[in-house]
Amino acid sequence: MGYLFLITFIFCFFPNLCFKIGFFKIPFQFIFVGLLFFSCFFFCQSLTITRILTLYKTKSFKFFLLLLTWIIITITVSVFTEKFFLTGFILSFGGIIFIIVLNYLNMVICLPKIISYKKAFRLLIIMFFVVFLLGLIQFIGFYFNISFIDNLFSIIVNKRYETGLAFYGSNRIFSVFHEPSMFGYFIILTCPIIYTLCFSRERIFKTSISDLIIKKLTFILMAIDLILSQSAAYYFIGALIIIAFLIIKLLKSKFSLKIKYIFNALIAITGFLLIINFMSFNIINHLLNETPFNRVIKVILNIDDREGLYEAEGSFATRVILFYNAYCIFQKNPLFGVGYGNMTREMIYQLDESPIPLNWEVEYYLKASRESLTVGASSAIFFRSLAETGFIGTILLYLFFLTFIIKIDLTLKVYDGIEKDFLIGAKYFLIILILSSFYTSILHATYMWVLIGITHSLLLVNKSKNNNNNNIKAKNVRT
């Protein structure tokens, strides 16, 4: 079972490695995620049932089940309102089962009985290291036009190559993801966990030297990859994270140390912005005219000018157009939405009557969507949730995340060592997930639900410990 867990865990970090069955492209991770869950159910039935029943008693999981129930209701309603879209249902509901539900449950069931937390954290750091290293290899290979590396990545991200959406020949890093912005999002979202694990005082690997080298190299590669992803939005979010982190440090420090933290904050922020602006690869191609940092400045300067915004940053303008039209879909269907998985087709109809002008990128997506209904313009998690599941579904989604954060806060005091370090990182991971959900579109991200599953597993183990301690105390009192 341990080897199956290992293989499944590895494939969870290769989301665009797939095989074709007719019209559909099935990620390899789906096979192993399903195989691991059913193996646990048949060969470790007692453990699986016990863990799921314990999970069911938690408030956050009840919100999760209510959300799944509401999703099924919205899909059912969409059949009667003639908004049901079969292809969207297959793709989206397949994502719910094999990316969200089964990954979540697999982590809860397998940890820590089948594999220990320490081994899981070791494997997690190794996978982060591999993803970041592959990103650097991809960047070098594409820049120098090395055919072997090009062929390697045409396999690793073959799901997106076949749909024509991969950044073939790009001078930006995308690693195992289909585009640089999604890789940038992966880095920003997971950086709190990477930071707490890589700077944990507890040794994860066998020797002190290997522990030091792998941890520090992983963190350094993460920083380099973020810079070379050249994603302006995530540079900006990254700068905000650094500022927020330093403010928290400042507030927690003693008064005598505040000057030191202010000084360090100024150095860190200045250094971060300078590195982005002057080490970005765009400086070579565009002679400082089109660096991601300058793109952020252009967006800020043109935020109230539609034409200027479209010209300054097409990608950001595209998101604004899609967010606004997704909200229009919600206004027409406030209670049930259009049904989970139906937004791809509904967005085509909505964009045809968009209240605001479209830019060239949205026009391209619109054309591609008409030709192939599996290619749809994406929207932020928040706006997509509003459009597809209505007000109630959106509230349930955010209640799930918020109750998770509250539970982590309550649990932190009973843990120490690497488990506590991970939970601290997981808390900020969830906060960034909530905040970025108003901009980023990926809820069906395997790594996201693997991390959520590991986090909830830690919370359940603590719950079991507390129950055992309470039982022991009760017996002592009776005695």
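The rules we used
- Residues numbered from 1 in each chain as written.
- Predicted model: local features only at pLDDT ≥ 70, side-chain atom pairs only at ≥ 80, totals over all residues.
- Heavy atoms only, no water.
- Helix = DSSP H or I, 4+ residues; strand = E, 2+ residues; numbered from the N terminus.
- Buried < 20%, exposed > 50% of the residue type's maximum accessible area, 1.4 Å probe, protein only.
- Polar contact = N/O pair within 3.5 Å; in protein donor to acceptor, adjacent residues only side chain to side chain.
- Contact = heavy atoms within 4.5 Å.
- Phe/Tyr/Trp six-rings, centres within 6.5 Å; stacked < 30°, edge-to-face > 60°.
- Axes fitted to C-alpha atoms, helices over the stretch in contact; angles between N-to-C directions.
- Parallel < 35°, antiparallel > 145°, perpendicular 65-115°, else oblique.
- Left-handed = near helix turned anticlockwise from the far one by under 90°.
- Nonpolar A, V, L, I, M, F, W, Y, C, P; charged D, E, K, R; others polar.
- Patch = residues over 30% accessible without salt bridge, like charges linked within 9 Å, V, L, I, M, F, W, Y side chains within 5 Å.
- Areas by Shrake-Rupley, 256 points an atom, 1.4 Å probe, with all protein chains shown as cover.
- Salt bridge = Lys/Arg side-chain N within 4 Å of Asp/Glu carboxyl O.
- pLDDT = per-residue confidence, 0-100.
- Arc of directions from axis to C-beta.

## Observations regarding the side chain of Ser181
- The residue Ser181 is located in helix H9 (residues 180-198) in this model.
- Given a relative accessible area of 15%, Ser181 falls into the buried group.
- Polar contacts involving the side chain of Ser181 include one to the side chain of Glu179, which spans 2.7 Å.
- Excluding anything up to four places from it in sequence, Ser181 contacts Arg172, Ser231 and Tyr234.

## Side note on the packing of aromatic side chains
- Per the stated rule, a full pass over the model turns up 48 aromatic pairs.
- On the numbers, 5.0 Å between centres and 90 degrees between planes, the contact of Phe64 with Tyr104 is edge-to-face. Taken together, the residues span a long stretch of sequence, with Phe64 in helix H4 (residues 59-80) and Tyr104 in helix H5 (residues 86-110) at a distance of 40 residues. The two residues Phe64 and Tyr104 agree in class, both being buried.
- Ring centres of Phe64 and Trp449 lie 6.1 Å apart, and the angle between their planes is 50 degrees; on these two criteria the pair is classed as tilted. Here Phe64, found in helix H4, pairs with Trp449, found in helix H21 (residues 446-478); they are 385 residues apart in sequence, far enough to count as distant. Comparing Phe64 with Trp449, the two get one shared label, buried.

## Focus: the side chain of Thr318
- Among the secondary structure elements, Thr318 is positioned in helix H16 (residues 314-332).
- Leave out the neighbours within four places in its chain, and Thr318 touches Asn359, Glu361 and Val362.

## Some words on the environment of Tyr439
- By secondary structure assignment, the location of Tyr439 is in the loop between helix H20 (417-436) and H21.
- Residue Tyr439 is classed as buried on the basis of its relative accessible area of 17%.
- Sequence separation between Tyr439 and Phe316 is 123 residues, and the spatial gap between their C-alpha atoms is 9.4 Å.
- Beyond its immediate stretch of four places on either side in the chain, Tyr439 contacts Ala233, Tyr234, Phe316, Arg319, Phe323 and Ala380.

## Observations regarding the packing of helix H19 (residues 381-411) against H20
- H20 packs onto H19 with a crossing angle of 160 degrees between their chain directions and a minimal axis gap of 10 Å. Compared by their axis directions, H19 and H20 come out roughly antiparallel. Classified by chirality, the crossing of H20 by H19 is left-handed. Across the interface between the two elements, Ile381, Tyr398, Phe401, Leu402, Phe404, Ile405, Ile408, Asp409 and Thr411 from H19 touch Leu423, Ala426, Lys427, Leu430, Ile431, Leu433 and Ile434 from H20.
- Broken down by class, the residue content of the contact of H19 with H20 amounts to 13 nonpolar, one polar and two charged.

## Considering a nonpolar patch on the surface
- Where nonpolar side chains cluster on the molecular surface, the patch consists of Met1, Phe38, Phe41, Phe42, Phe43, Ile49 and Leu53 and spans about 740 Å² of accessible area.
- Of all the elements in the fold, those that place two or more residues in the nonpolar patch are helix H2 (28-43) and helix H3 (45-56).
- Among the elements that make up the nonpolar patch, the one with the highest residue count is H2 (four residues).
- Structurally, Met1 can be placed in the segment before helix H1 (2-11).

## So, unusual backbone geometry
- The amide bond that connects Leu111 to the next residue, Pro112, takes the cis arrangement and shows omega of 0 degrees.
- Positive phi is not limited to glycine here, since Glu82 has a value of about 60 degrees.
- With a relative accessible area of 70%, Glu82 lands in the exposed category.

## Considerations on the packing of helix H6 (residues 117-143) against H20
- For the pair H6 and H20, interaxial distance at closest approach is 10 Å and the crossing angle is 50 degrees. The angle between the axes of H6 and H20 places the two elements in the oblique class. Here the hand of the crossing between H6 and H20 comes out left-handed. Here H6 contributes Tyr117, Phe121 and Leu124 to the contact with H20, which in turn contributes Ile418, Glu419 and Phe422.
- Split by residue class, the contact of H6 with H20 holds five nonpolar, no polar and one charged.

## Digging into the confidence of the model for the protein
- Overall, the predicted model of the protein reaches an average pLDDT of 82, with 77% of residues at or above 70.
- For the protein, the element scoring lowest by mean pLDDT is helix H13 (residues 282-286), at 44; H4 scores highest, at 95.
- Counting interchain partners and residues more than four positions distant, the pLDDT-below-50 stretch residues 278-289 has 26 contacts.
- Every residue in residues 468-479 scores below 50 in pLDDT, and together they form zero contacts with partners more than four places removed in sequence or on other chains.

## Side note on H1
- Among the residues of H1, those classed as buried are Leu4, Phe5, Thr8, Phe9 and Phe11. All buried residues of H1 lie within an arc of 165 degrees about the axis, which places them on one face of the element.

## A word on the environment of Glu179
- Inspection of the secondary structure puts Glu179 in the loop between helix H8 (158-163) and H9.
- When the C-alpha positions of Glu179 and Ser229 are compared, they lie 9.1 Å apart, and in sequence the two are 50 residues distant.

## Topic: the environment of Ile72
- The residue Ile72 is located in helix H4 in this model.
- Judged by relative accessible area, Ile72 falls into the partly exposed class, the value being 45%.
- Residues Ile72 and Phe93, spaced 21 residues apart in sequence, show a C-alpha to C-alpha distance of 9.4 Å.

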